[in-house]
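The chain contents come next:
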Amino acid sequence: MKLYLDTANIEQIREIAGWGILDGVTTNPSLMAKEKGDYKKILKEICDIVKGPVSGEVLSLEKDSMVEEARELSSISEHVVIKIPCTADGLKATRQLNSENIPVNMTLVFSANQGLLGIKAGARYISSFVGRLDDIGNPGINVVEDLLALINLYRYDTEVIFASIRHPEHVRQAAIIGSHIATIPYNIFIQLIKHPLTDVGIERFLKDWQNK
Ligand code: G3P
């Protein structure tokens with residue numbers, strides 16, 4: 001499973017990229033809004049750090065403006081993937097961008113049917129927002145499982161991104177069910193590496209060695 005970092009924060013990206021396990025980055029307008037500076041400059045900086053795909057989202061809602069914005073973002077770096085919301089205009093824009101070889105990450109997907117439409121329109125990635133469905137008492141993992149099943153059944157080459165991750169258990173679930181990608185917030189990445197018994201173990205080893 002590929003591990004992406006879900007942030008627009010340069011320090012966080014440098015830190016996790018330094019671990020040597022980072023496959024890509026996803027951003028969205030809310031994450032970008034937390035950072036100081038120009039949207040395109042931040043995206044460029046991220047692309048300079050990260051070797052894999054970097055998703056940047058369009059702000060327009062209408063097909064032609066989405067396509068125009070996507071072309072602009074895409075010109076920043078060959079790493080850029082365009083996040084397009086799952087709407088009728090989003091599908092039209094995805095079809096157009098697909099014909100121009102601009103990769104699309106269809107975002108805000110909350111059902112297998114939405115995902116299927118995104119796949120049919122030519123999206124390279126489908127971002128299935130698990131946590132936001134969990135938040136309203138609707139198991140988000142079911143959508144990811146359905147999408148993986150239909151991708152296998154029809155041999156589509158679209159990849160599913162297990163997104164809107166709330167806790168380490170989501171990462172474990174993503175891996176176990178065979179999600180192609182999990183996009184993980186920084187604070188969850190930090191939790192993934194931590195275990196109290198690891199800290200206790202290191203302390204004990206060092207103490208034993210010093211007391212030999
Ligand atoms: O990648 C999607 C993600 O950014 C949404 O997460 O926590 O805002 O639901 P969240």
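Residues numbered from 1 in each chain as written. Predicted model: local features only at pLDDT ≥ 70, side-chain atom pairs only at ≥ 80, totals over all residues. Heavy atoms only, no water.

Going by what an unreviewed UniProt entry lists, the protein is known as Fructose-6-phosphate aldolase and is assigned to candidate division WOR-3 bacterium RBG_13_43_14. Its UniProt record gives the protein the following Subcellular location (unreviewed entry) comment, quoted word for word: "Cytoplasm". (UniProt positions renumbered as here; feature names shortened; annotations may be inferred.)

Moving on to the site of the ligand. What surrounds the ligand is the set Asp-6, Asn-28, Lys-83, Phe-129, Arg-132, Ala-163, Ser-164, Arg-166 and Thr-183. The side chain of Asn-28 places a nitrogen or oxygen atom 2.8 Å from an oxygen atom of the ligand. The separation between an oxygen atom of the ligand and a polar side-chain atom of Ser-164 is 2.7 Å. Against a free-state accessible area of 310 Å², the protein chains account for coverage of 81% of the ligand. (Near = heavy atom within 4 Å. Polar contact = N/O pair within 3.5 Å; in protein donor to acceptor, adjacent residues only side chain to side chain. Areas by Shrake-Rupley, 256 points an atom, 1.4 Å probe, with all protein chains shown as cover.)

Working note: a packed helix pair is described by the angle between its axes plus the distance between those axes. The N-to-C vectors of helix α1 (residues 10-18) and helix α3 (residues 39-49) enclose an angle of 10 degrees; their axes lie 10 Å apart at closest approach. It follows that α1 is roughly parallel to α3 by the angle criterion. Residues Ile-10, Ile-13, Arg-14 and Ala-17 of α1 pack against Ile-42, Glu-45, Ile-46 and Ile-49 of α3. (Axes fitted to C-alpha atoms, helices over the stretch in contact; angles between N-to-C directions. Helix = DSSP H or I, 4+ residues; strand = E, 2+ residues; numbered from the N terminus. Parallel < 35°, antiparallel > 145°, perpendicular 65-115°, else oblique. Contact = heavy atoms within 4.5 Å.)

The backbone of Asn-101 shows a phi angle near 60 degrees, a positive value even though the residue is not glycine. Of note in the backbone geometry, Ser-164 takes a positive phi value of approximately 60 degrees without being a glycine. As for its position among the elements, Ser-164 is in the loop between β7 (159-163) and α9 (168-177).

All right, on to a nonpolar patch on the surface then. On the surface, a cluster of nonpolar side chains totalling about 270 Å² of accessible area is made up of Trp-19, Ile-21 and Ile-193. Tracing the chain through its elements places Ile-193 in helix α10 (residues 186-193). (Patch = residues over 30% accessible without salt bridge, like charges linked within 9 Å, V, L, I, M, F, W, Y side chains within 5 Å. Salt bridge = Lys/Arg side-chain N within 4 Å of Asp/Glu carboxyl O.)

Attention now goes to the sheet that holds strand β1 (residues 2-6). The strand order around the closed barrel built from 8 strands is β1-β2-β3-β4-β5-β6-β7-β8, with neighbouring strands paired in parallel fashion. Across the sheet, the mean angle from the axis of one strand to that of its neighbour is 30 degrees, orientation sign disregarded. Across 4 bridges, the pairing between strand β4 (residues 80-85) and strand β5 (residues 104-109) is parallel. The residue of β5 that forms the bridge with Ile-84 is Met-106. Here α9 sits on the sheet and contacts β7 and β8 (181-184); the angle it forms with β7, its principal contact strand, is near 160 degrees. (Pairing = 2+ DSSP bridges.)

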